[in-house]
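Fold and contact review
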Amino acid sequence: MAWALVFSGQGGQHPGMLPWLAEDALTRSVGARLGVADWRASLLEADWGARNAHAQCLLTGLALAAWGQLAPLVPPPAAIAGYSVGELAAFSAAGVFDAATALDLAQARAAAMDRCAAQAPGGLLGLSQCAPAVLARLLADDADLAIAIRNGIDSVVLGGPPPALARAEAAAQAAGAHAVRLRVAVASHTPAMQAAAAAFAERLAGLPLARPHTPLFSNAADRVASAEQARTALAAQIATTVRWDECMDNLQARGVDRVLEIGAGQALARLWSQRHPGVPARAADEFRSAQAIAAWLTRV
């Protein structure tokens with residue numbers, strides 16, 4: 001068997017996520033960094049979970065804790081990728097750096113992005129069933145908008161300042177598209193984050209990174225084969241479009257026969273099923289135990 005491992009981004013975090021996740025040293029470390037004794041209770045407060053400083057560290061740590069508890073039960077994945085901040089967990093799972101470094105980077109990444117947002121507030125708008133002509137018109141009509149994430153020909157995430165997103169949301173809905181504001185308070189993956197990308201590049205420059213031990217694909221849809229490529233990719237994605245559609249195609253080209261998403265919700269599993277319906281995909285969030293996940297992954 002050959003399977004792909006993908007790590008979710010932020011936006012879907014909820015108190016009941018990863019119900020099978022056991023408390024361990026890593027989950028306790030995440031709580032200590034965030035100053036909370038019970039992260040599930042903290043997520044009951046929607047505003048707490050939506051803050052970058054909380055969400056990016058929390059999701060990175062919980063994803064790596066989940067992978068650490070699942071990995072001994074399954075064969076190694078044939079390929080790994082992460083969506084947005086999920087790249088930190090993905091790069092760690094592929095051996096580029098350890099979990100403690102991933103948490104350090106999550107906190108540094110969130111802080112750099114929040115500094116940008118303080119100067120120029122922004123956000124994200126998810127569009128689906130959006131005809132290419134409609135998308136082109138939205139972008140042509142408002143120079144403040146940019147494509148933050150590309151999931152498919154009719155599925156994208158736009159980033160920009162709140163007034164521009166409000167205009168785009170109304171126009172997209174009037175044109176028959178489905179539009180929803182995401183629980184992210186910065187215009188991630190757009191030129192508005194260029195200062196954050198530069199700051200994160202400086203942070204990465206001083207770190208000893210390793211070559212991935214598993215085929216690893218970045219949000220630029222390129223394979224990361226060296227420490228220097230990892231450094232460049234992690235910084236660049238903060239201010240450039242996430243090409244998740246191409247990333248999924250590269251994973252599929254590895255000949256995988258199933259895909260597992262680790263993180264909050266099932267967004268990546270759904271996107272995969274829409275693009276490559278012949279290869280089953282499921283989310284760790286929908287299982288009740290690590291053993292059940294392992295049974296699904298290893299089933300012939």
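What you see is a predicted model; the values in this text were computed from it and never measured.

Conventions and cut-offs
- Residues numbered from 1 in each chain as written.
- Predicted model: local features only at pLDDT ≥ 70, side-chain atom pairs only at ≥ 80, totals over all residues.
- Heavy atoms only, no water.
- Pairing = 2+ DSSP bridges.
- Helix = DSSP H or I, 4+ residues; strand = E, 2+ residues; numbered from the N terminus.
- Contact = heavy atoms within 4.5 Å.
- Axes fitted to C-alpha atoms, helices over the stretch in contact; angles between N-to-C directions.
- Disulfide = S-S within 2.5 Å.
- Buried < 20%, exposed > 50% of the residue type's maximum accessible area, 1.4 Å probe, protein only.
- Parallel < 35°, antiparallel > 145°, perpendicular 65-115°, else oblique.
- Left-handed = near helix turned anticlockwise from the far one by under 90°.
- Nonpolar A, V, L, I, M, F, W, Y, C, P; charged D, E, K, R; others polar.

**Quick word on the sheet that holds strand β10 (residues 258-262)**
Whether parallel or antiparallel, the strands of a sheet pair through hydrogen bonds between backbone atoms. One open sheet holds the 6 strands; their spatial order is β8-β7-β2-β1-β10-β11, and the pairing between them is mixed. This sheet does not close on itself; its edge strands, each paired only once, are β8 (223-224) and β11 (281-283). Bridge analysis of strand β1 (residues 3-7) against β10 gives 5 bridges, and the strand direction is parallel. Its bridge partner lying in β10, F7 is registered against I262. Contacts from helix α12 (residues 267-275) reach β1, β10 and β11 within the one sheet, and its direction differs from that of β11 by about 170 degrees. Taken strand by strand, helix α13 (residues 290-298) contacts β1, β10 and β11, and its axis lies near 160 degrees from that of β10.

**Considering the state of the cysteines**
Summed over the entire model, instances satisfying the criterion amount to 0 disulfides. Cysteine C116 is unpaired, with the sulfur of C57 as its nearest cysteine sulfur at 20 Å. Residue C116 is classed as buried on the basis of its relative accessible area of 11%.

**Here we look at the sheet that holds strand β9 (residues 242-243)**
Here 5 strands make up an open sheet; going across it, the order is β6-β3-β5-β4-β9 and the pairing mixed. For this open sheet the edge positions go to β6 (178-181) and β9, each flanked by a neighbour on one side alone. One ladder, built from 5 bridges, connects strand β3 (residues 123-128) with strand β5 (residues 155-160); its direction is antiparallel. Residue G123 lies in a different strand from β5, and its bridge partner there is G160. Contacts from helix α7 (residues 132-141) reach β3, β4 (146-152) and β5 within the one sheet, and its direction differs from that of β5 by about 10 degrees.

**Overview of the packing of helix α5 (residues 86-93) against helix α10 (residues 227-236)**
The packing of two helices is summarised by the inter-axis angle and the distance between the axes. Close contact between α5 and α10 brings their axes to 11 Å; oriented N to C, the two are set at 165 degrees. If you check the angle between α5 and α10, you find them roughly antiparallel. Between α5 and α10 lies a crossing whose hand is left-handed. Of α10, the residues touching α5 (which contributes E87, L88 and F91) are A230, A233 and L234. Tallied by class, the residues present in the contact of α5 with α10 amount to 5 nonpolar, no polar and 1 charged.

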